[in-house]
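Geometric and topological summary
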Amino acid sequence: MTTRFLTGITTTGTPHLGNFVGSIRPAVAASREPGVQSFYFLADYHALIKCEDPARIQRSTLEIAASWLAAGLEPAQVFFYRQSDIPEIPELTWLLTCVTGKGLLNRAHAYKAAQDKNTAAGRDADDGVSAGLFMYPVLMAADILMFKAHKVPVGRDQVQHIEMARDMAASFNHLYGEHFVLPEAQIEEHVATLPGLDGRKMSKSYDNTIPLFAPREQLRKLVASIVTDSRAPGEPKEVEGSALFQIYQAFARPQETEALRAAYAQGIAWGEVKQLVFERIDQTLAPLRARYEALIQDPARIEATLRAGAERARAIATPFLRELRHAVGLRSLAQGTAQQTGKPAKPGKAALPSFKQYREADGKFYFKLVSPQGRLLLQSTGFDSPRAAGQAIAQLQQQGAPALQALAAQFTPVAGVTEDEVAAALQALQDTAQQT
Ligand code: TRP
């Protein structure tokens, strides 16, 4: 079984070493595991909630995309896209908004924190709080539920949002049938949070960050400014609580870390530690930095990569949203109306076949077409890239039965399914596509 991982990165800042160690590096590594399908996206709609500087949002989008690609993310092996390229996301946000209790959103930590701050300052509780901030968890739930993610790797501060997404999915499923997968947060327990220049957690909000791709000389200066205690050269030093040591550990191999631990005990001078830490970080980052510089010079290429990613993501989102619209009653009138109002007699699956894409242990990309009852109708052979698989699906969706002939070599026979059945299923998809 494939496990789908999904996470979003808000496009408001420049990636720093803490982001690399805590999120980019583990996510890129995870995307290479077998049996995993990864969705990583630039959450630029979320960025609008806290940033009103258009140039900054655009620049951050470029920098974050380039950073992930420079760190080795293979855009053809994962779903890598920009949230605002998927118009189905805000549409799903509305469907979820309508099944979400206002009280649930009142309890969101971020919203409550904003209110508490206002109250403490003697202002109206909602002073300066946008409806966007209030709705933040619903938009995030749409991101997650759209792609039926199983696991959402996030920091602790985001766990409540994943729980809310589960609540929304469960409410919707209860009302309209089982459409959504209930996601789970995956908290990065053992991933070190990196200390920043002042020893507190490296974070934009503390203004203590080291930009991931700072030029070598700037990196040297920043590392030199990391806090230490005042122990003199020759005096033994504590690794416990030493920001320099923790940062070194995040980049070095275990033996190297042990060597530095011994050097601390022997009284290495802080100046020397800083030199070691700087060189070690630079050794890891220099090749990535070179790739990053090249990518940043060619924004059009990044744009094309993101567009291609969005196209593949929409191959999932568009038919899924069609199913959801049908489920809630946003239907073509030409399809005939149900006799009764109120809940459907059998709340449940929209009566449409659907395509499922997945990756097998052989590293190839497959898809299948299943009936609304879950019966296998069409089974593809392995494709080398998800893009190729997506294109075959698009061809089937657009052309219907004739594409079955054209692509005949890409299918393996399914026992007990006739070609007419498959053709009828494709026809049903085309019909609803035209009507909605
Ligand atoms: N809210 C997340 C953050 O600030 C970013 C985000 C947006 C996200 N949508 C998501 C994370 C969906 C995980 C899943 O870190």
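Keep in mind that what you see is a predicted model, and the values were worked out from it rather than measured. (Residues numbered from 1 in each chain as written. Predicted model: local features only at pLDDT ≥ 70, side-chain atom pairs only at ≥ 80, totals over all residues. Heavy atoms only, no water.)

A few words on the packing of helix H4 (residues 88-97) against helix H13 (residues 299-328). Any two packed helices are characterised by how steeply their axes cross, that is the angle between the axes, and by the distance between the axes. Two elements in contact, H4 and H13, have axes separated by 10 Å at closest approach and are oriented at 25°. Here H4 lies roughly parallel to H13, going by the angle between them. Between H4 and H13 lies a crossing of left-handed hand. On H13, the residues touching Glu88, Glu91, Leu92 and Leu95 of H4 are Arg314, Ala317, Thr318, Leu321, Leu324, Arg325 and Val328. Partitioned by chemical class, the residues of the contact of H4 with H13 number 6 nonpolar, 1 polar and 4 charged. (Axes fitted to C-alpha atoms, helices over the stretch in contact; angles between N-to-C directions. Helix = DSSP H or I, 4+ residues; strand = E, 2+ residues; numbered from the N terminus. Parallel < 35°, antiparallel > 145°, perpendicular 65-115°, else oblique. Left-handed = near helix turned anticlockwise from the far one by under 90°. Contact = heavy atoms within 4.5 Å. Nonpolar A, V, L, I, M, F, W, Y, C, P; charged D, E, K, R; others polar.)

Counted by the stated rule, this structure contains 19 salt bridges. With its nearest N and O atoms 2.7 Å apart, the salt bridge here joins Arg307 to Glu303. Placement of both Arg307 and Glu303 in helix H13 is noted, with a separation of 4 residues, approximately one turn of the helix. The closest approach of N and O atoms between Arg375 and Glu421, which form a salt bridge, is 2.1 Å. Taken together, the residues span a long stretch of sequence, with Arg375 in the loop between strand E7 (365-370) and strand E8 (376-380) and Glu421 in helix H16 (residues 419-435) at a distance of 46 residues. (Salt bridge = Lys/Arg side-chain N within 4 Å of Asp/Glu carboxyl O.)

Annotation of the chain at the domain level lists domain 1 (3-193 + 299-319), domain 2 (213-296) and domain 3 (342-435). Inter-centroid distance (C-alpha atoms) of domain 1 to domain 2 is 32 Å. Taken together, the 17 residues of domain 1 in the interface contact 11 residues of domain 2. Between domain 1 and domain 2 lies a buried interface of about 1200 Å² when both sides are counted; carbon and sulfur atoms form 69% of it. Summed over the three residues of domain 1 that lose the most area to domain 2, namely Leu17, Phe20 and Ala70, the buried surface amounts to 38% of that side. (Domains from an automatic or database assignment. Buried area = accessible area lost by both parts, 1.4 Å probe.)

Before going further, it helps to examine the pairing of E8. Each regular strand shows side chains that alternate between the opposite faces of the sheet. Counting buried positions over the 5 residues of E8 gives 4, a clear majority of the element. With 3 bridges joining them, E7 and E8 adopt antiparallel strand pairing. Bridging across to E8, Leu369 finds its partner in Leu378. Counting the residues in the hairpin turn of E7 and E8 gives 5 residues, including Gly374, whose phi is positive at 90°. Looking at chain direction, E8 and strand E9 (residues 411-412) are connected through 2 bridges and run antiparallel. Among the inter-strand pairings, Gln379 is bridged to a residue of E9, identified as Thr412. (Buried < 20%, exposed > 50% of the residue type's maximum accessible area, 1.4 Å probe, protein only. Pairing = 2+ DSSP bridges.)

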